[in-house]
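One letter stands for each residue in the lines below.
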Amino acid sequence: METILFLAFTEADGSLAKAALETLAAAKQLSASLPGSTLVAGLIGADVQPAANAIAACGATRILGVSGAEFSQSRYATDAAAAEAIAKSAAATIVLAPAGSRANRSLPGVAQRLGGRIDTHVTALAAADGKPAVTRWYYRQRMEGTLTRTARPWIALLESGCAPAYAGAAGIAPARSAALSATVEGVLVALPTIRTEVAGFRSPPADQQTIRPDAKLLFVAGAGWTKKQPDGQPHAAEAEQLILGFLHKTQASLGSTKSLVDLSGEGQDVLKFMTHLNQVGQTGATPRHPKGLATCCHGEEPHTVGWRFIGERRAINLNAACSWAQGKADVLYVADAFEVMRKVNALLG
Ligand SMILES: Cc1cc2nc3c(=O)[nH]c(=O)nc-3n(C[C@H](O)[C@H](O)[C@H](O)COP(=O)(O)OP(=O)(O)OC[C@H]3O[C@@H](n4cnc5c(N)ncnc54)[C@H](O)[C@@H]3O)c2cc1C
């Protein structure tokens, strides 16, 4: 009989992020499909009570918590100690956590401490022949594999966007659900020596933050934006203005082809806000968004691999014979992206 532990780090306000609620929904479903299994929740953070209240009706038989100022910060020593203590207290055989930066960094070490195994970048959980199984992609998302393990405890880190988020117990209005008060069993942790303090965060200003994993639309820019246009001149400055204007108005997330980010890396006068973090494709990211719009983009990798998890795909290209845009886009607009985006931005107001 499996004991499935849903394990999550709470946000600064004590709530659970969307990715954590997605993992909870997946954990619930896995538990429901494994007869005799038990679902336990484990929460780590400065204050875990708000999160516990929000999931009070999720069906977990116990809600375990490690809380206190030391556990508010992302720090390997305290995160690993807390997760280890909760997993032991729950006698967990399966541990499911959202693949956020804290879990990605600390849980592989916890698997080692517990004598268990871990799989990262998991995209689906299911029961196969009465046994839990995980699905993940290999070789830069070109092959999908499903695997089971006999080793326990088995930790799996679920990628965001792969399951619907837990939305409260069926039949209970969200307002009432939020007002539920859950009993949290505090788990004692012997504090390790603390050598690391988080002094603060350095991040670009909000209007320069162009990677938005929760955006409805992924806007992919290709190197064509910086190439010579029909008047024989490149128009990088206007390209920058059109792209940033569109992102600002729509809050879309920005993806790039490898060619374009490589140009930026060489310090040429191109799209200054573009970095390698924006790159999609075989050697970049494979984000998940309901819709995608590729512009001035010809490459195979952004279209085949970078778009793998995009729901509805459209492309704008001057070249009607662009085989990747034709083959992988649901709709191909054969048009000048400068003209189209000028018009789109004007319509957006
Ligand atoms: C091992 C390996 C791994 C790779 N991994 C990746 C990866 O992860 N991601 C990735 O992106 N690439 C990757 N590449 C590179 C990839 O093969 C392509 O070279 C690259 O994606 C091409 O970039 P692009 O489409 O931006 O530019 P280009 O090929 O230069 O295409 C520019 C396009 O813009 C169009 N265009 C120009 N002006 C306009 C306009 N005004 N309006 C509309 N359209 C216009 C042109 O018609 C053209 O189709 C990899 C290559 C290798 C060998």
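Reference entry: report on the structure contained in this document. Please read these numbers as outputs of a predicted model, since none were measured by experiment.

Here is what the cut-offs are and how they apply
- Residues numbered from 1 in each chain as written.
- Predicted model: local features only at pLDDT ≥ 70, side-chain atom pairs only at ≥ 80, totals over all residues.
- Near = placed C-beta within 6 Å.
- Helix = DSSP H or I, 4+ residues; strand = E, 2+ residues; numbered from the N terminus.
- Nonpolar A, V, L, I, M, F, W, Y, C, P; charged D, E, K, R; others polar.
- Pairing = 2+ DSSP bridges.
- Contact = placed C-beta atoms within 7 Å.
- Axes fitted to C-alpha atoms, helices over the stretch in contact; angles between N-to-C directions.
- Parallel < 35°, antiparallel > 145°, perpendicular 65-115°, else oblique.
- Left-handed = near helix turned anticlockwise from the far one by under 90°.

Another point: the site of the ligand. Around the ligand, the structure places 30 residues, and the nearest of them are G222, G224, G281, H298 and G299. Put simply, the parts of the chain that give the shell around the ligand at least two residues each are helix 7 (258-265), helix 8 (300-306), strand 13 (312-317) and helix 10 (337-348). The greatest single-element share of the shell around the ligand, amounting to four residues, is contributed by helix 8. Looking at the shell around the ligand residue by residue, the class counts come to ten nonpolar, 15 polar and five charged.

In this section: the sheet that holds strand 8 (residues 154-158). Pairing in this open sheet of nine strands is mixed, and the strands run 7-6-5-8-4-1-2-3-9 from one edge to the other. Since the sheet does not close on itself, it has two edges, and those belong to strand 7 (143-147) and strand 9 (185-186), each with one partner. By the bridge criterion, five bridges tie strand 4 (residues 94-98) to strand 8 in an arrangement that is parallel. Bridge pairing in strand 8 places P98 opposite L158. Sitting on the sheet, helix 4 (residues 101-114) is in contact with strand 1 (3-9), strand 4, strand 5 (117-128) and strand 8, with an inclination near 170° to strand 8.

This brings us to the packing of helix 3 (residues 76-90) against helix 4. At a minimum axis separation of 9 Å, helix 3 and helix 4 run at an interaxial angle of 55°. Judged on the interaxial angle alone, helix 4 and helix 3 are oblique. The handedness of the crossing between helix 3 and helix 4 is right-handed. Residue-level contacts link Y76, D79, A80, A83, E84 and A87 of helix 3 to R102, R105, S106, L107, G109, V110, R113 and L114 of helix 4.

The next subject is unusual backbone geometry. Cis geometry marks the peptide bond from R152 to P153, where omega comes out at -5°. By the secondary structure assignment, P153 is in the loop between strand 7 and strand 8. Positive phi is not limited to glycine here, since A91 has a value of about 50°. As for its position among the elements, A91 is in the loop between helix 3 and strand 4. Even without being glycine, D129 reaches a positive phi, approximately 55°.

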